[in-house]
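Summary of the model geometry
What follows is each chain in one-letter form.
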Amino acid sequence: MNYDFDKRIDRKDNNAVKWEKCNEKNLLPMWVADMDFETAPEILEAMQKKLDQKIFGYTSRPASYYESAVNWTKEIHGFDMKAEKLEHSPGVVPSLSMLIRLLTDPGDKVIVQTPVYPPFFRVVEKNNRKLLINNLIEENGIYTIDFQDFEEKAKDEKAKFFILCNPHNPVGRVWKKEELERLVDICLRNNVRILSDDIWRDLTYKGHKYTPISSLSKEAEDITITCFSATKTFNIAGLQGSFVYFPRHEEQQKFNSELEILGIRENTPFNLVAIETAFRKGKNWYYALLEYLEKNIDFTEEYIRKNLPEVSFRRPEGTYLLWLDFRKLNITKNQLEDLVKNKAGVILNSGCTFSEDCGLFQRINIACPRYLLEEGLERLTKIVKK
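Residues numbered from 1 in each chain as written. Predicted model: local features only at pLDDT ≥ 70, side-chain atom pairs only at ≥ 80, totals over all residues. Heavy atoms only, no water.

What follows concerns the domain arrangement of the protein chain. When its domains are assigned, the protein chain resolves into domain 1 (28-41 + 282-385) and domain 2 (56-281). The gap between the C-alpha centroids of domain 1 and domain 2 is 25 Å. Across the contact, 30 residues belong to domain 1 and 39 residues belong to domain 2. Between domain 1 and domain 2 we count three salt bridges in total. The salt bridge partner of Arg327 is Glu138, with a shortest N-O separation of 3.3 Å. Summed over the shared surface of domain 1 and domain 2, the result is 19 residue pairs in polar contact (both at pLDDT 80 or more). Elements with a minimum of two residues in the side of domain 1 that touches domain 2: helix 11 (283-307), strand 11 (321-325) and strand 14 (361-365). With nine residues, helix 11 is the largest single contributor of residues to the side of domain 1 that touches domain 2. When grouped by side-chain class, the residues that make up the side of domain 1 that touches domain 2 number 17 nonpolar, six polar and seven charged. (Domains from an automatic or database assignment. Contact = heavy atoms within 4.5 Å. Salt bridge = Lys/Arg side-chain N within 4 Å of Asp/Glu carboxyl O. Polar contact = N/O pair within 3.5 Å; in protein donor to acceptor, adjacent residues only side chain to side chain. Helix = DSSP H or I, 4+ residues; strand = E, 2+ residues; numbered from the N terminus. Nonpolar A, V, L, I, M, F, W, Y, C, P; charged D, E, K, R; others polar.)

Moving on, we come to the pattern of salt bridges. Enumeration according to the criterion identifies 33 salt bridges in this entry. The shortest N-O distance in the salt bridge between Lys153 and Asp149 comes to 2.6 Å. Within this pair, Lys153 and its partner Asp149 are both found in helix 5 (residues 147-154), separated by four residues, close to a single helical turn. Classification of Asp149 by relative accessible area gives partly exposed; the value is 22%. Here Arg315 and Asp298 are joined by a salt bridge, their closest N and O atoms 2.7 Å apart. Taken together, the residues Arg315 in the loop between helix 11 and strand 11 and Asp298 in helix 11 connect sequence positions 17 residues apart. Residue class for Arg315 comes out partly exposed when judged on its relative accessible area of 31%. Relative accessible area serves as the criterion here: at 36%, Asp298 is assigned to the partly exposed category. (Buried < 20%, exposed > 50% of the residue type's maximum accessible area, 1.4 Å probe, protein only.)

All right, on to the packing of helix 3 (residues 92-103) against helix 9 (residues 249-262) then. Relative to each other, helix 3 and helix 9 sit at 115°, their axes nearing to 11 Å. With respect to each other, helix 3 and helix 9 are oriented roughly perpendicular. For the crossing formed where helix 3 meets helix 9, the hand is right-handed. Here helix 3 contributes Ser95, Met98, Leu99, Arg101, Leu102 and Leu103 to the contact with helix 9, which in turn contributes Glu251, Lys254, Phe255, Glu258, Leu259 and Leu262. Residue composition of the contact of helix 3 with helix 9, by class: seven nonpolar, one polar and four charged. (Axes fitted to C-alpha atoms, helices over the stretch in contact; angles between N-to-C directions. Parallel < 35°, antiparallel > 145°, perpendicular 65-115°, else oblique. Left-handed = near helix turned anticlockwise from the far one by under 90°.)

Pairing is antiparallel in the open sheet, where three strands are placed in the order 11-14-13. Every other strand in the sheet has two partners, leaving strand 11 and strand 13 (349-350) as the edge strands with one partner each. Bridging between strand 11 and strand 14 involves five bridges; their strand directions are antiparallel. Bridge pairing links Trp323 to Arg363 in strand 14. (Pairing = 2+ DSSP bridges.)

Right, let's get into the packing of aromatic side chains. This model, assessed by the stated rule, comprises 23 aromatic pairs. Ring geometry for Phe5 versus Phe37: centroids 5.2 Å apart, planes at 75°, classification edge-to-face. With Phe5 in the segment before strand 1 (28-29) and Phe37 in the loop between strand 1 and helix 1 (41-52), this residue pair connects regions lying 32 residues apart in the sequence. Take Phe5 and Phe37: they sit in the same class, and that class is buried. Consider the rings of Phe5 and Trp285, whose centres lie 5.6 Å apart with planes at 55°: the pair is tilted. Taken together, the residues span a long stretch of sequence, with Phe5 in the segment before strand 1 and Trp285 in helix 11 at a distance of 280 residues. (Phe/Tyr/Trp six-rings, centres within 6.5 Å; stacked < 30°, edge-to-face > 60°.)

Our focus in this paragraph is the environment of Ile347. Within the secondary structure layout, Ile347 lies in strand 12 (residues 346-347). Sequence separation between Ile347 and Cys22 is 325 residues; the distance between their C-alpha atoms is 8.9 Å.

Below, the discussion takes up the UniProt feature "domain: Aminotransferase class I/classII large" (unreviewed entry) in the protein chain. With numbering matched to this structure, UniProt assigns "domain: Aminotransferase class I/classII large" (unreviewed entry) to residues 33-380. As annotated, residues 33-380 has a helix share of 43% and a strand share of 15%, and its two end C-alpha atoms lie 20 Å apart. (UniProt positions renumbered as here; feature names shortened; annotations may be inferred.)

Here we take up the pairing of strand 2 (residues 86-89). Taking every second residue as pointing to the same face, both faces of strand 2 are buried, with Leu86 and His88 on one and Glu87 and Ser89 on the other. Two elements, strand 2 and strand 10 (residues 242-245), share four bridges in a ladder whose sense is antiparallel. Within strand 10, the position partnered with His88 by the bridge is Phe243.

Listed below in structure tokens is the structure:
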């Protein structure tokens, strides 16, 4: 089947956070990490069948739901999960927040690697825990882990968890096996547990391989709780659903009990069929998506090289997010914000939300039809040239 990722889209009446209030102001949103593509027709067909039943009561969850996630993980990533260790949850961020609250005490510390997805800060600090910042090392746009600093942070007796982002948002690294092994070694020696946010695991590009940190060894699996989802891969984030993979049964039970207390343990009628169908029937659409995204990255790389040399970025190894570096413009953070949004009319994610010292970076989402991508780059170019 051919999939049309160039199809023109209209999200005016979509109640989309990404597009809210943009159309009347002629702003082009390239920020929120969802895609401006219709999701896989196989998923739409399954949801239509559910819609045609015309009754949307409380939903039971069949064993096949978990089996679909297990089979996808085995086929795509070579990691053999156990279905009985999986729990459904409303989303990765809620899962991280609940796990921090359930498995640590107020005043405990959590390591994060900046620049990083901003909700990581929130799930720590809003739960009355403290952040330990391990800044990634940037050299010519390439980010690596500062292992010496990471070990110093891990030695803190209050350090209880490390939140890993793999693949990494926003810098696009797909961490190599050797890097993950060093992180595990440090965590094991210092009694630090790992929360691994692997929501981007499916979106990796040629020459790069996602490695589940739990797959490295029995010891690594025992200290790691992994969160993942079909929602980023198949553009169904608004359906609210994810998985948590537990190594320890007692912690799984504790998490499950919390979901029951909050009354959020069950699927909705639509996320149940959408997620299972994605994992069972979405492979062809998924491979076509990866090919289109990689061509969008090619297009952006070539366009910036020819037309916007004042801006730089390194090709992402994973995700559909590019980490744009505006430092060559020699302007302030506030001037950059004004230039991008008010003058160019493009909404990107401000770099300072990922790290305080990244004010001259912006994150752009290239998961959109080529015509939208080209328009956004043209808007930026015209203003930078002025």
